[in-house]
Amino acid sequence: MKIAIGSDHGGFVLKSEILKHIQSKGYDVKDFGSYSVESVDYPDVAHEVSEAVAKGDYERGILICGTGIGISIAANKIPGIRAALCGDCFSAKASREHNNANILAMGERVIGVELAKMITDIWLATEFEGGRHSRRVDKIGDIECRYNRG
Ligand code: RB5
């Protein structure tokens, strides 16, 4: 599975840990930055990673900022992106099973590294359940189309 990962300065430390962690598990990961704790704007990173996922260059994306909020809001502006901000394992699993989330967002200032690794492992390993959930996820796409964004 090809994964795109990115963060702003507020998520740089956690992003570095998650990058190492998933590389050690054998995932093929591209790091879109940031590459230091120097201040950058989270919408820029969200845009780059989300576009790469929406185009199909990467199957999934992981985005990290201080809270995970700004970067997930920005990611969800890109048509085809379903970014889920997760701070617990239950939500991580459900975001894949029910919402077919293609981006996982987390907040470095909110959760610890070990929890973030568990959330990431579960999120990467969980498949979309389809069925009734497909109809609902398709309706998200319909909303995008209604605003000429699909
Ligand atoms: C940066 O200070 C911070 O605002 C950002 O990382 C994020 O938490 C925004 O939602």
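The coordinates are above.
Residues numbered from 1 in each chain as written. Predicted model: local features only at pLDDT ≥ 70, side-chain atom pairs only at ≥ 80, totals over all residues. Heavy atoms only, no water.

Asker: Would you explain the site of the ligand in this entry?
Answerer: Surveying the vicinity of the ligand reveals the residues Asp8, His9, Tyr42, Cys65, Gly66, Thr67, Gly70 and Arg109. Backbone polar atom of Gly70 to an oxygen atom of the ligand: 2.9 Å apart, as the coordinates give it. Arg109 has a polar side-chain atom sitting 3.4 Å from an oxygen atom of the ligand. In the complex, the protein chains occlude 72% of the 290 Å² of accessible area that the ligand would expose alone. The class makeup of the residues in the shell around the ligand is two nonpolar, four polar and two charged. (Near = heavy atom within 4 Å. Polar contact = N/O pair within 3.5 Å; in protein donor to acceptor, adjacent residues only side chain to side chain. Areas by Shrake-Rupley, 256 points an atom, 1.4 Å probe, with all protein chains shown as cover. Nonpolar A, V, L, I, M, F, W, Y, C, P; charged D, E, K, R; others polar.)

Asker: Which parts of the structure should I look at to understand the layout of surface pockets?
Answerer: Gaps between atoms show up when a probe of the same size as a water molecule is rolled over them. Empty space within the largest pocket amounts to approximately 160 Å³. If you go around the largest pocket, you meet twelve residues; those closest to its centre are Asn76, Ile81, Arg82, Ala83 and Ile140. Those elements giving two or more residues to the lining of the largest pocket turn out to be strand S4 (83-85) and helix H6 (132-146). Examining the composition of the lining of the largest pocket, we find that three residues originate from one element, H6, more than from any other. For the lining of the largest pocket, the per-class residue count stands at seven nonpolar, two polar and three charged. (1 Å grid on protein atoms, 1.4 Å probe; cavity = no way out; pocket = protein on both sides within 12 Å on 5 of 7 lines; lining within 4 Å. Points joined across faces, edges and corners; volume = space filled by probe spheres on them. Helix = DSSP H or I, 4+ residues; strand = E, 2+ residues; numbered from the N terminus.)

Asker: For this particular structure, what's the right way to read the pattern of salt bridges?
Answerer: Note that side chains of opposite charge can pair when their charged atoms are close. One pass over the full model with this rule turns up six salt bridges. The partner of Glu97 in a salt bridge is Lys93, with the nearest N and O atoms 3.0 Å apart. Here Lys93 and Glu97 lie together in helix H4 (residues 89-97), a separation of four residues that amounts to about one turn. Classification of Glu97 as buried rests on a relative accessible area of 15%. The closest approach of N and O atoms between Lys117 and Glu114, which form a salt bridge, is 3.3 Å. Pair noted here: Lys117 and Glu114 are both in helix H5 (residues 113-125), with a separation of three residues, about one helical turn. According to the relative accessible area criterion, Lys117 is buried, its value standing at 18%. (Salt bridge = Lys/Arg side-chain N within 4 Å of Asp/Glu carboxyl O. Buried < 20%, exposed > 50% of the residue type's maximum accessible area, 1.4 Å probe, protein only.)

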